[in-house]
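As a plain string of letters, each chain reads:
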Amino acid sequence: TDLRPLDILAEVVPSDGATSGIRIVQVHGAWGLQLSAAAPHVMSFPASRIFSQCDLFPEEFSIVVTLRVPSLPPKRNEYLLTVVAEESDLLLLGLRFSPAQLHFLFLRKDRAGAWQTRVSFRSPALVDSRWHTLVLAVSAGVFSLTTDCGLPVDIMADVPFPATLSVRGARFFVGSRRRAKGLFTGLVRQLVLLPGSDATPRLCPSRNAPLAVLSIPRVLQALTGKPEDNEVLKYPYETNIRVTLGPRPPCTEVEDAQFWFDASRKGLYLCVGNEWVSVLAAKERLDYVEEHQNLFTNSETLGIEVFRIPQVGLFVATANRKATSAVYKWTEGKFVSYQNIPTHQAQAWRHFTIGKKIFLAVANFEPDEKGQEFSVIYKWSHRKLKFTPYQSIATHSARDWEAFEVDGEHFLAVANHREGDNHNIDSVIYKWNPATRLFEANQTIATSGAYDWEFFSVGPYSFLVVANTFNGTSTKVHSHLYIRLLGSFQLFQSFPTFGAADWEVFHIGERIFLAVANSHSYDVEMQVQNDSYVINSVIYELNVTAQAFVKFQDILTCSALDWEFFSVGEDYFLVVANSFDGRTFSVNSIIYRWQGYEGFVAVHSLPTVGCRDWEAFSTTAGAYLIYSSAKEPLSRVLRLRTR
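Reading the values: the criteria
Residues numbered from 1 in each chain as written. Predicted model: local features only at pLDDT ≥ 70, side-chain atom pairs only at ≥ 80, totals over all residues. Heavy atoms only, no water. UniProt positions renumbered as here; feature names shortened; annotations may be inferred. Core = buried A, V, L, I, M, F, W, Y, C linked by side-chain atoms within 4.5 Å. Buried < 20%, exposed > 50% of the residue type's maximum accessible area, 1.4 Å probe, protein only. Contact = heavy atoms within 4.5 Å. Disulfide = S-S within 2.5 Å. Helix = DSSP H or I, 4+ residues; strand = E, 2+ residues; numbered from the N terminus. Phe/Tyr/Trp six-rings, centres within 6.5 Å; stacked < 30°, edge-to-face > 60°. Salt bridge = Lys/Arg side-chain N within 4 Å of Asp/Glu carboxyl O. Polar contact = N/O pair within 3.5 Å; in protein donor to acceptor, adjacent residues only side chain to side chain. Pairing = 2+ DSSP bridges. Axes fitted to C-alpha atoms, helices over the stretch in contact; angles between N-to-C directions.

Per an unreviewed UniProt entry, the protein chain carries the name Thrombospondin type laminin G domain and EAR repeats and comes from Rhinopithecus roxellana. If you open the UniProt record of the protein chain and go to Subcellular location (unreviewed entry), you find "Cell projection, Stereocilium".

What to know about the nonpolar core
Ranked by size, the top nonpolar core spans 55 residues in total, and within it Phe57, Phe104, Phe161 and Phe172 carry the most contacts. Each residue touching Phe172, except ones within four places of it in the same chain, is listed here: Ile8, Met43, Ser44, Phe45, Ala47, Ile50, Phe51, Phe57, Leu81, Thr82 and Val83.

Examining the state of the cysteines
Using the criterion set out here, one finds two disulfides in the structure. Put simply, Cys149 and Cys204 are joined by a disulfide, and their sulfur atoms are 1.9 Å apart. Classification of the bridge connecting Cys149 and Cys204 rests on its S-S torsion, roughly -85°, and on that basis the disulfide is left-handed. Here Cys204 lies in the loop between α2 (200-203) and α3 (218-224) and Cys149 lies in the loop between β12 (142-147) and β13 (153-156), a separation of 55 residues in the sequence. Of the residues examined, Cys149 reaches a relative accessible area of 27% and is grouped as partly exposed. Judged by relative accessible area, which is 18%, Cys204 ranks as buried. Two residues, Cys251 and Cys271, share a disulfide whose sulfurs are 2.1 Å apart. Around the S-S axis, the bridge from Cys251 to Cys271 shows a dihedral of about 100° and counts as right-handed. Within this pair, whereas Cys251 is found in the loop between β17 (243-244) and β18 (259-262), its partner Cys271 is found in strand β19 (residues 267-272), the two being separated by 20 residues in sequence.

A closer look at the packing of aromatic side chains
Tallying each qualifying case throughout the model produces 57 aromatic pairs. Between Phe57 and Phe161, the aromatic rings sit 6.1 Å apart at their centres with planes inclined by 55°, giving tilted as the arrangement. Of this pair, Phe57 sits in strand β5 (residues 56-57) while Phe161 sits in the loop between β13 and β14 (165-166), placing them 104 residues apart in sequence. Neither residue differs from the other here; Phe57 and Phe161 are each classed as buried. Relative to Phe411, the ring of Phe404 has its centre 5.3 Å away and its plane inclined at 10°; by these criteria the two rings are stacked.

Concerning the pattern of salt bridges
Scanning the entire structure with this criterion turns up 16 salt bridges. With a shortest N-O distance of 3.2 Å, Glu11 and Arg49 are connected by a salt bridge. Residue Glu11 is found in helix α1 (residues 8-12), and its partner Arg49 is found in the loop between β4 (44-46) and β5; the two are separated by 38 residues along the sequence. A residue is classified by how much of its surface remains accessible, and Arg49, at 43% relative accessible area, is partly exposed. One salt bridge in this structure joins Arg321 and Glu300, with 4.0 Å as the shortest N-O distance. Placement of the pair is Arg321 in the loop between β23 (313-320) and β24 (324-331) and Glu300 in the loop between β21 (286-296) and β22 (301-309), with a sequence separation of 21 residues. Its relative accessible area of 30% is what places Arg321 among the partly exposed residues.

Side note on unusual backbone geometry
Note the cis peptide between Cys204 and Pro205, where omega equals 0°. Mapping Pro205 onto the fold places it in the loop between α2 and α3. The residue Asp148 is not glycine, and still its phi comes out positive at about 55°. Counting through the fold element by element, Asp148 comes out in the loop between β12 and β13. Classification of Asp148 as buried rests on a relative accessible area of 19%. Positioned with a positive phi, Gln311 is a non-glycine residue whose angle comes to about 65°. Within the secondary structure, Gln311 is located in the loop between β22 and β23.

Digging into the environment of Asp154
Here Asp154 lies in strand β13. Spatially, the C-alpha atom of Asp154 lies 35 Å from that of Ala37, the residues being 117 residues apart in sequence. A distance of 2.8 Å separates a polar atom in the side chain of Asp154 from a polar atom in the side chain of Ser144.

What about the sheet that holds strand β32 (residues 424-433)?
Taken in spatial order, the four strands make up an open sheet running β30-β31-β32-β33, and their pairing is antiparallel. Since the sheet does not close on itself, it has two edges, and those belong to β30 (398-406) and β33 (438-448), each with one partner. Averaged over all pairs of adjacent strands, the angle between strand axes in this sheet comes to 20°, irrespective of strand direction. When β30 meets strand β31 (residues 409-416), the two strands line up antiparallel, connected through eight bridges. In the strand pairing of β31, Glu405 is matched with His410.

Put into structure tokens, the structure is as follows:
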């Protein structure tokens, strides 16, 4: 098949609508087809009609359907679309719904045999006698459902859609499963298969999202009297053009008036004279997120750090709950185990450099075998190509390290969480001594259950902000921002926070923002409540005139433990690590996109389990996110698909 929309509904409905048993009905100003009176074989066609060159169903695709469903009995199921093997009557692929769920069915085969797999989306709110447009997008192990251009619901299934699903000798059935049982009794207006991509960007945004159009049969077009909103353009003329792919080709008289597509820059160029002239420079935009790798770790992972070592490669360090943490190297598009490092309930890693020296510092939460509490700085050995112990520093239930440089001097700040049961203790800033080549204590700052440090600069000024989590009786404590003046950090501003676990600083143009992840609203004098974990995290913006950060936006989160800022092309995003909602650790983490005046708006919902930390990184192959789980020995690498 080519990569244009394949109008499945048009294949069974002639342009004059003269198919026995089909009725054309208008409801709420829109025309649809009622198929329930038509025999199943009438509403079918051989798969070979559209899969003429290859009999394999595409591995990545979208199904777009616009329908109106009346109320159904509780246990009734109706089929919208099926692909059935004619000889065996085996269901190869299907889309059906019940009053509470939408089910996507497909056949999966391996050496053990064949079995049917079902991916179910709960409560799509279809059975309300209104028009709805659904986009089911399938890519590898990710199944995404978008209803009326709303927020997509993503499911990362354990069983991915097969890469080699053969439809040889099969038939498409619209509105049935080849039988009278399960016939579709509602109205259908659009049923389109789009191979190769998510159809949502072609449909959305739309002025009339429930009736957004990718392609509808001609018999319905004739009744509208005007082009539909977002309808695919119909081109009256066609011509053959030659497009060259690959590296930049020569542009001479031979190539004159020919096109070259630069896949790396996503640009289309036309040869004019002796020069390639840009005719289309596509802006890279985030399309969807797909699972790329399941990274099995030594134990639950509390923090991750992605970093590069010049001439060596890309690495990720995992801070694991048990006695061994690990470093993984990016090899052939995946992270593979590279080095194990003994740790003691490690909370976080921090990579930094001083000159040509490369360091990796771990924050250990628990004491070692001798009962001594030390966090350790490791140094990269260019000879061994490994990290080796360099300096141990006494810490108290350390949660985080922050490395930074001010006026050519190098510093490390540790977030000391508690000493015994006392959370109100000093955290320490260490300064690199070039003479001894060691870090030495430079300044102490009083903190309350410190969880995270974040350093940033504004013009000539250097700032350090701490996330205070707990003061011994309450999570309702102030977190503090410090400014460096006269050789030390001094209090600049205080923020009311609720179990603050992370600060993230980021820039959008000339604007500077600070986002805090609030994890829990708790006080010893109040009873524990489940909803105390579902609270607002806050984004602040620097007001230069007021010389202070002011609240910009509240975002409802579920025991948020981390924010990560990243960009794709000209778009900016924040992803939050939602860890617990008071009932379960299986909570969706959310990607928010910058929408200017609207602030950050949710665009992707990612299933996570006890999510603790997010990191964004990129390679020559594309952009990725990785998250760690504090509840299972599994971190996941997600790929950001762009268009």
